[in-house]
2 protein chains.
Amino acid sequence: MAPTARAILFDLQGTCTDFFTSVVAAARAIDGGEHPDLDWGPFVSDWRKAYMRALGNDATAKAGAAPAWRSVREVYRQALEALLAERGLDGFDEDQLVGLVLAWEEQEPWPDVVPGLARLRARHTLGALSNADVPAVARTAKAGALPFDVLFSAQMFQAFKPDPAVYLTSARWLSLDPPDIMLVACHAYDVAAAHRLGFQTAFVPRPDELGPGAGAEPAPESALLARDFLDLADQLGS
Amino acid sequence: MAPTARAILFDLQGTCTDFFTSVVAAARAIDGGEHPDLDWGPFVSDWRKAYMRALGNDATAKAGAAPAWRSVREVYRQALEALLAERGLDGFDEDQLVGLVLAWEEQEPWPDVVPGLARLRARHTLGALSNADVPAVARTAKAGALPFDVLFSAQMFQAFKPDPAVYLTSARWLSLDPPDIMLVACHAYDVAAAHRLGFQTAFVPRPDELGPGAGAEPAPESALLARDFLDLADQLGS
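Residues numbered from 1 in each chain as written. Chains lettered and ligands numbered in written order. Predicted model: local features only at pLDDT ≥ 70, side-chain atom pairs only at ≥ 80, totals over all residues. Heavy atoms only, no water.

An unreviewed UniProt entry lists chain A under the name Haloacid dehalogenase, type II, with Segniliparus rugosus given as the organism. As stated in UniProt under Sequence similarities (unreviewed entry), the record for chain A gives "Belongs to the HAD-like hydrolase superfamily. S-2-haloalkanoic acid dehalogenase family." (UniProt positions renumbered as here; feature names shortened; annotations may be inferred.)

Rendered as structure tokens:
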């Protein structure tokens, strides 16, 4: 069994939520069949990859590096406009563009997340630690009834993960040292950054994050590996 | 009916919680009858007043002024030591002193708070906006099952209410303008500061805040006056 963590911080988008299914469904509804040739699955997958690149969180990014903070709502908006232009897609009005971007701010949790957090909540302080803006984190937690005790957003730190300030300020705000906190994510860059700073870490693969069967990231060796949040609760004795 | 607020921010200690009863009960348990002459009721009341003075939130404070941020846990600790010394009380060991201070970080809500917030939650984003440290806000919300969507602490802003930065940064983090947010408190200084910045405000008197029958603060004229959180829900149409 892993050493007991007083608090567990969870990456939100991807780790707790199935943004792919949520955003594809919202996009199809907003589009209303106006672009029959547009396959929203690959489009949303590419949109997410563009967001990750903008935040420096792809495989080519330098370890521990992150760009200066700016609103993630704006990052998704710019990435959307670039993708649409690149593919010669037009005909979306302002309401539709806003709706598409806001779809990223309210996502359904994976089925294991709520029951897993409910089990972990009795013994640990549970927090979200997300690069998304405060309203996105709050709306997603509220819509999904995610039983977090605290919500931390990059907006509060004016810095993105994997900037060490995000992790270390979170620890200071919790009045805990990094070894007393576990960071849980499905993204290797996030787990690696927390591990380097002395946090406990767990990796939860989400093979359907970028679409059904798209595949999970390789598990970092340093992290506890859990199949899902229920398995994590099992392994932590909750 | 008041104009609809997208979000409602609540002062925590005193407005949502009955710190007097909670801290007096904890203090009596920690003391274990070792100081039979010490009447914990007036002591806790004086302790709270010393804390309010340290934060500049008493009647003599300059409008809108607040001291530089520091941990409220430390403020309560220093005020406790000063009060004990002043009264010639000794014999408390370190564990007892720590326990007394931590009693301020987990307080029972007033009976109207959970049912009132539950009604308001469907139509509004609900947040705590407290001068207490992050762990105090999180532990109080968790222990009392307070259904807040976001928790904002002075520690996140490195500034105490009534510093305008606290209110204005909260609004920015919520992506809302002050007129779209209502601040609810039982303390006139808090309501007045939010009103000056353009927020909607509501005043909820808590006549037992400093002990049964100690009396509420006078209601500010600018604020919506609600008897309790259920009355607030009634007045806001929830």
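And the narrative resumes.
Draft legend 1. Representation of the packing of helix α1 (residues 19–31) of chain A against helix α4 (residues 94–102) of chain A. Residue and element names in this part refer to chain A. The N-to-C vectors of α1 and α4 enclose an angle of 170°; their axes lie 9 Å apart at closest approach. As judged from the angle between their axes, α1 and α4 are roughly antiparallel. Here Ala27, Ile30 and Asp31 of α1 come into contact with α4, specifically with Gln96, Gly99 and Leu100. Here the residues of the contact of α1 with α4 sort into three nonpolar, two polar and one charged. (Axes fitted to C-alpha atoms, helices over the stretch in contact; angles between N-to-C directions. Helix = DSSP H or I, 4+ residues; strand = E, 2+ residues; numbered from the N terminus. Parallel < 35°, antiparallel > 145°, perpendicular 65-115°, else oblique. Contact = heavy atoms within 4.5 Å. Nonpolar A, V, L, I, M, F, W, Y, C, P; charged D, E, K, R; others polar.)

Draft legend 2. Inspection of the pairing of strand β2 (residues 125–130) of chain B at higher detail. Residue and element names in this part refer to chain B. Counting buried positions along β2 yields five of six residues, so the element is predominantly enclosed. Taken together, the four bridges between β2 and strand β3 (residues 150–153) define a ladder with parallel strand orientation. Bridged to serine 130 within β3 is serine 153. Since β2 and β3 lie parallel, the crossover through helix α6 (residues 134–143) that links them has a hand, and here it is right-handed. (Buried < 20%, exposed > 50% of the residue type's maximum accessible area, 1.4 Å probe, protein only. Pairing = 2+ DSSP bridges. Right-handed = clockwise from strand over helix to strand, strands pointing away.)

Draft legend 3. Fine view of helix α2 (residues 40–54) of chain A. All names here are of chain A. With 15 residues, α2 should reach 21 Å at 1.5 Å per residue; the first-to-last C-alpha distance of 21 Å fits that figure. Every buried residue of α2 is listed here: Trp40, Gly41, Phe43, Val44, Ser45, Trp47, Arg48, Ala50, Tyr51 and Met52. Turning to α2, the residues buried within the fold contact α1, α3 (72–86), α4 and α9 (188–196). Following α2 by one or two positions, glycine 56 has its phi on the positive side, about 75°. (Expected span 1.5 Å × (residues − 1).)

Draft legend 4. Representation of the interface of chain B and chain A within the structure. Contact residues are listed per partner, giving 18 residues for chain B and 18 residues for chain A. A combined buried area of about 1,500 Å² lies between chain B and chain A, and 58% of that area is made up of carbon and sulfur atoms. Considering only the side of chain B, the residues that lose the most area to chain A are Lys142(B), Met156(B) and Trp173(B), jointly responsible for 39% of the buried surface there. Between chain B and chain A we count two salt bridges in total. Among the salt bridges present, the one from Lys142(A) reaches Asp149(B), with a minimum N-O distance of 2.7 Å. Summed over the shared surface of chain B and chain A, the result is six residue pairs in polar contact (both at pLDDT 80 or more). When contributions to the side of chain B that touches chain A are tallied by element, the ones reaching two or more residues are α6, β3, α7 (154–157) and α8 (164–173) of chain B. (Buried area = accessible area lost by both parts, 1.4 Å probe. Salt bridge = Lys/Arg side-chain N within 4 Å of Asp/Glu carboxyl O. Polar contact = N/O pair within 3.5 Å; in protein donor to acceptor, adjacent residues only side chain to side chain.)

Draft legend 5. A look at the relation of the copies chain B and chain A. Once turned by 180° and shifted 0.0 Å along the axis, chain B lies on chain A with an RMSD of 0.0 Å. Both copies are brought into coincidence by an operation consistent with a two-fold rotation axis. (Least-squares fit on C-alpha atoms with pLDDT ≥ 70 in both.)

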